[in-house]
Each structure stands twice: as structure tokens, then as C-alpha cells.
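Residue strings, one per chain:
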Amino acid sequence: MARIVSAFAIGLLFGCGLLVSGMANPAKVLAFLDIAGRWDPSLAFVMAGAVAVSAAGYVLARRRGRPVFAERLEIPTRRDLDARLLAGAALFGIGWGLAGLCPGPALTLLTVAPVQAAIFVAAMVVGMVLFRFVPDGGKRRQMSFEASAGHPSDA
Amino acid sequence: MDDVTPLSALLGGLMIGASAALLLLLNGRIAGISGILGGLLASPSRETGWRVAFLAGLILAPLAYAGLGGRLPPVSLGASAPLLVLAGLLVGFGARLGAGCTSGHGVCGIGRGSPRSLVATGTFMAVAILTVFLIRHLAGA
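Residues numbered from 1 in each chain as written. Chains lettered and ligands numbered in written order. Predicted model: local features only at pLDDT ≥ 70, side-chain atom pairs only at ≥ 80, totals over all residues. Heavy atoms only, no water.

You'll find chain B entered in an unreviewed UniProt entry as YeeE/YedE family protein, with Methylorubrum populi given as the organism. Under the UniProt heading Subcellular location (unreviewed entry), the note attached to chain B is "Cell inner membrane". Quoted verbatim from the Sequence similarities (unreviewed entry) heading of the UniProt record, the comment on chain B is "Belongs to the TsuA/YedE (TC 9.B.102) family." (UniProt positions renumbered as here; feature names shortened; annotations may be inferred.)

In the nomenclature of an unreviewed UniProt entry, chain A is known as YeeE/YedE family protein of Methylorubrum populi.

Shown next, in the form of C-alpha cells:
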């Protein structure tokens, strides 16, 4: 139960962060990506703030070992680069650049701009379902995760 | 065009980073939105409950934000319906194929210094910048 309640509260905080930062405003995202136009560098500050706190959280979580409400940390440990990673990121980048929406903001906008966000989210879910038809598409994720009971490795 | 807003961007970024840190410290999980949503498309498991709760929080955030007296920032979504469909398909499929999105790779992965996440983030940022350039400055849209 604690896991559920904390996840809900953390989701709320994440969504509020998206709203406050401007990440949930597609026009703002596109202005950040439009380096040849009237470039708006604001979102670089979102990235800087988010990465700094996330990095601190990672160090703390590693040091602590066991999460408060779960039995172990589940952190991706793969370090190899493969074609799927690059192709996936490239396709994602095209989609992100077309509409200025990525998964988090799209979900948060469901209650702000319901029709447009719902169209995007529905298509996004279809895209995710299509991925399951890629050979090993449904399994690869599990393989890229491994139990890590607090080893201070470099994963 | 919006004005440059470094302070609210930084504050929002700190909140996003805090969410990622808390999910890891409390629940031991990565705050990657595409991974959380994609995980729900598989058969139900012990992970289903917290994933649904997290996404519910994410979706209800604007109501909480407004309820606490926050003024919802302006949202401008100019894309047409067909463009939203195409973009959504690419974002959903690409995020799963590339094992992460802006949050999973960009915030969590870079935060722990993952080379895969650094490369993925560099790739999707560069491609998104190129896409916007082609649309806005070459196609004249």
C-alpha cells in the first residue's frame, strides 16, 4: 500500500514539475528545439535541475542499498550501445520534434488539453503495442534489468 | 513566442529530479514514463499497482496544481490531429525500441552516468532539433 500511495504522490510531484518547468507546453519545447529560430534555452535549466537532483538521489539510493518500501533497487545495468538504442532514440526524436510532446507531458496534458493529448496518447500507446511485435520486443526490457542489492558498481 | 523562463524551468526541473530521486529511494524504481506506461501493456504483475498510481498522479497533477492555487501555465499545442497521430506513434514505438524517453534516459539515466542514456539523449535531442529545423526553416511551415 505504501508503494501505491508514494507512487501516486511522486506522480503528482512529477506532473507539477512538468507544469512549472514549461516542459508540458509543447510550444515551449519546440522553441527550445528551434535553435535556428528565436531560441528559448529555458528547458536546458529543466534538464540541469532534474539531472542534478536525480544524480544525488541515485548516489543516496546506492549508499542506502534497500529502498524504503521495496525489497530491492531495480536499475538498468546494460552499458553496451546497440542499433536498437540508436534507432529507437532517432524515431523518438522525430516524433518529439513533430509535436513537441514526449510521454510525461502528454499524459499530464490529458487534463489540460484533453482532445489533442488523448489523440497523441492513444497513438503513443499503439506505438508501444506495435513494439511488442518486434522480435524479443516484449522480453528485452527484463533482460536489461538485474537485481542490484546495493553494490556500489558503476552501472 | 514565450519569454525565456530560467527560474521556473530550474524549479520545475528540481521537482522532476526530486520525483525521480524519491521513486528510487522509496520504491527502488526508475521514473521513466515510457517504461512505466509500456510495462502496463504487458500482463498484470506485482508492478501494476504502483505504475497505475504513478500515472494517475501524473495525469491528475494539473488539478492538484490548480487546486493548490497554482496558475496553470499557458499551453499551446499547434499540431494537427494527423500530425499528433504520427508523432505519437513515433514517440511510443521509438521510446520502447530505444528503452527510454526524456525522463528515463534524459533525467534518470544521465543522472547515474549511463553511457546508453547519454547516447540516447544526445541522439533524440539532435534528431528533434533537426526535425524542427526541417519543418520550420526548410519546409516553411
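There's plenty left to go through after this.
**Structural notes on the environment of Arg79(A)**
On the secondary structure map, Arg79(A) appears in the loop between strand S1 (73-76) and helix H4 (83-99). Considering only alpha carbons, one finds Arg79(A) and Gly37(A), 42 residues apart in sequence, at a separation of 36 Å. (Helix = DSSP H or I, 4+ residues; strand = E, 2+ residues; numbered from the N terminus.)

**Let's talk about a nonpolar patch on the surface**
On the surface, Val126(A), Val129(A), Leu130(A) and Phe133(A) cluster together into a nonpolar patch covering about 380 Å² of accessible area. Mapping Val126(A) onto the fold places it in helix H6 (residues 114-131). (Patch = residues over 30% accessible without salt bridge, like charges linked within 9 Å, V, L, I, M, F, W, Y side chains within 5 Å. Areas by Shrake-Rupley, 256 points an atom, 1.4 Å probe, with all protein chains shown as cover. Salt bridge = Lys/Arg side-chain N within 4 Å of Asp/Glu carboxyl O.)

**Some thoughts on helix H5 (residues 102-111) of chain B**
Summarising burial for H5(B): nine of the 10 residues are buried, a large majority. If you check which residues of H5(B) are buried, you get Thr102(B), Ser103(B), Gly104(B), His105(B), Gly106(B), Val107(B), Cys108(B), Gly109(B) and Gly111(B). Elements that come into contact with the buried residues of H5(B) comprise helix H1 (2-21), helix H3 (42-64) and H4 of chain A together with helix H1 (6-27), helix H2 (33-40) and helix H6 (115-138) of chain B. Where H5(B) ends, the next residue or the one after it, Gly113(B), has phi of about 70°, a positive value. (Buried < 20%, exposed > 50% of the residue type's maximum accessible area, 1.4 Å probe, protein only. Contact = heavy atoms within 4.5 Å.)

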